[in-house]
Every structure is written in structure tokens, then in C-alpha cells.
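Chains, contacts and geometry: an overview
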Amino acid sequence: MKDEELLTVVVELNILLADYHLYYQKLRSNHWNILGKNFFDLHEKFEDLYSDARIKIDEIAERILTLRYHPMSKFSDYLKVSTIAEAAPLKTDMDMVQETINDHKLLLTQMSKVIEKAESVGDEGTIDLIGAYIRELEKSSWMLNAWTKKSSESLKPNVLEV
Ligand SMILES: [Fe+2]
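Now for a quick tour of the structure. (Residues numbered from 1 in each chain as written. Predicted model: local features only at pLDDT ≥ 70, side-chain atom pairs only at ≥ 80, totals over all residues. Heavy atoms only, no water.)

Concerning a negative patch on the surface
- Residues Asp41, Glu44, Glu47 and Asp48 make up a contiguous surface patch of negative charge.
- By secondary structure assignment, the location of Asp48 is in helix H2 (residues 39–66).
- The exposure class of Asp48 is partly exposed, given its relative accessible area of 44%. (Patch = residues over 30% accessible without salt bridge, like charges linked within 9 Å, V, L, I, M, F, W, Y side chains within 5 Å. Areas by Shrake-Rupley, 256 points an atom, 1.4 Å probe, with all protein chains shown as cover. Salt bridge = Lys/Arg side-chain N within 4 Å of Asp/Glu carboxyl O. Lys, Arg positive; Asp, Glu negative; His and termini not counted. Charge placed at Lys NZ, Arg CZ, Asp CG, Glu CD. Helix = DSSP H or I, 4+ residues; strand = E, 2+ residues; numbered from the N terminus. Buried < 20%, exposed > 50% of the residue type's maximum accessible area, 1.4 Å probe, protein only.)

Next comes the structure, spelled out in C-alpha cells:
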């Protein structure tokens, strides 16, 4: 892999790094500002999510360094390139969860771009790292989505059981 080839991967990794910083801070805000009957559950859930994001932020930055580039490090740069937008901190528990699910979709889209570039230059290490993130994020999106439903709602039936 040549440095110039890897640069296409690094560009997408830097955008993902920016996305994760915005996502992380929004989760901290949710952790602080959550109100209501779901306080105890969601206060803790948002902490779980931002703790996980904090680890991934470091891993993404260090992947960029492993590819011999410097990670983007300034918040002003993150705000310029992030696909995730800042949002008003005060909102209902449902809106917080819905927005987190939406941010997961944006992260997954950016992760797909990273994988696409990594595949085109044979960067197996990045494919492995980000592939695992996709699997984990899809799982936590399913859990958050389940939280937004009423217990009387059902999932799509299994075709074999219809
Ligand atoms: Fe706390």
C-alpha cells in the first residue's frame, strides 16, 4: 500500500473521527440533561455509549497514525467536516434516543465509506477494525430501537412461521 493510496482511507477515517467527537459530546449532554421516569436507565445507557465512543475515538486516531498520518485534532476542524450535527441539549427522552439512532445511521454511512476506500487499496487492518464497529453499532441501534417501541408492538414475523 502506497502512502498516496492510503490517503483516501485516511480522509474518510478523519471524517469518522470528527463524527465520533460530535456523537460523543451529544451523548454526554444526554447523560447530563435526561429527565423523567427513564432517568436511571438512560442516564446509565448514555454513559455506556459515550464510554464506548471514547475508546473508539482513540482507536480511530491511532489507526490513522498506524497508516503514518496525523489524525485531525482540533474541534474547529471536527465541526467543519463532521456529518453529525450539534443539537439542542434539552429534549425529551424519546427525542434523545431517536436522535442517537439517527446519528448511528450517519456513523454507519461514514463507516461504509471507510470500508469502501480500504477495500479499494487492500487495507485489511482498517476493514477489520471498522467492520467490527459496524456490527456493534447495528446491535446497539437495534436495542435503542426496541426501547422506542411499546411492548405490544411486534417485529416482522419470521417467514417460516407465517
Ligand atoms: Fe456521570
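Observations regarding unusual backbone geometry
- Even without being a glycine, Arg68 presents a positive backbone phi close to 70°.
- Mapped onto the fold, Arg68 is located in the loop between H2 and helix H3 (75–81).

Structural notes on the pattern of salt bridges
- Within this structure, the stated rule accounts for seven salt bridges.
- When the shortest N-O distance is used, the salt bridge between Glu99 and Lys26 registers 2.8 Å. With Glu99 in helix H4 (residues 93–121) and Lys26 in helix H1 (residues 3–33), this residue pair connects regions lying 73 residues apart in the sequence.
- Glu99 is the partner of Lys91 in a salt bridge, and the nearest nitrogen-oxygen pair spans 3.2 Å.
- Classification of Lys91 by relative accessible area gives partly exposed; the value is 25%.
- Through salt bridges that share partners, Lys26, Lys91, Glu99 and Asp103 make up one connected network.

Concerning the side chain of Asp103
- On the secondary structure map, Asp103 appears in helix H4.
- Judged by relative accessible area, which is 5%, Asp103 ranks as buried.
- Once residues lying within four places of it in the same chain are set aside, the contact partners of Asp103 are Tyr23, Lys26 and Ile84. (Contact = heavy atoms within 4.5 Å.)

Some details on H2
- If you check H2, its first and last C-alpha atoms are 40 Å apart, about what 28 residues at 1.5 Å a residue would give, namely 40 Å.
- Residues of H2 that are buried include every one of Leu42, Phe46, Leu49, Tyr50, Ala53, Lys56, Ile57, Ile60, Ala61, Arg63 and Ile64, and no others.
- Tucked inside the fold, the buried residues of H2 contact H1, H4 and helix H5 (124–147). (Expected span 1.5 Å × (residues − 1).)

What to know about the packing of aromatic side chains
- Evaluated as defined, the whole model comprises five aromatic pairs.
- Taking the centre distance of 5.7 Å and the plane angle of 80° together, the rings of Tyr24 and Tyr50 count as edge-to-face. Of this pair, Tyr24 sits in helix H1 while Tyr50 sits in helix H2; the two residues are 26 residues apart in sequence, bridging distant segments of the chain.
- Residue class for Tyr24 comes out buried when judged on its relative accessible area of 15%.
- The exposure class of Tyr50 is buried, given its relative accessible area of 8%.
- One aromatic cluster in this structure is built from Tyr20, Tyr23 and Tyr133.
- For the cation-ring pair, Arg28 lies above Tyr50, with the distance from its terminal atom to the ring centre recorded as 4.3 Å.
- The lysine or arginine in question, Lys56, covers the ring of Tyr133, its NZ or CZ lying 4.9 Å from the ring centre. (Phe/Tyr/Trp six-rings, centres within 6.5 Å; stacked < 30°, edge-to-face > 60°. Lys NZ or Arg CZ within 6 Å of the ring centre and 35° of its normal.)

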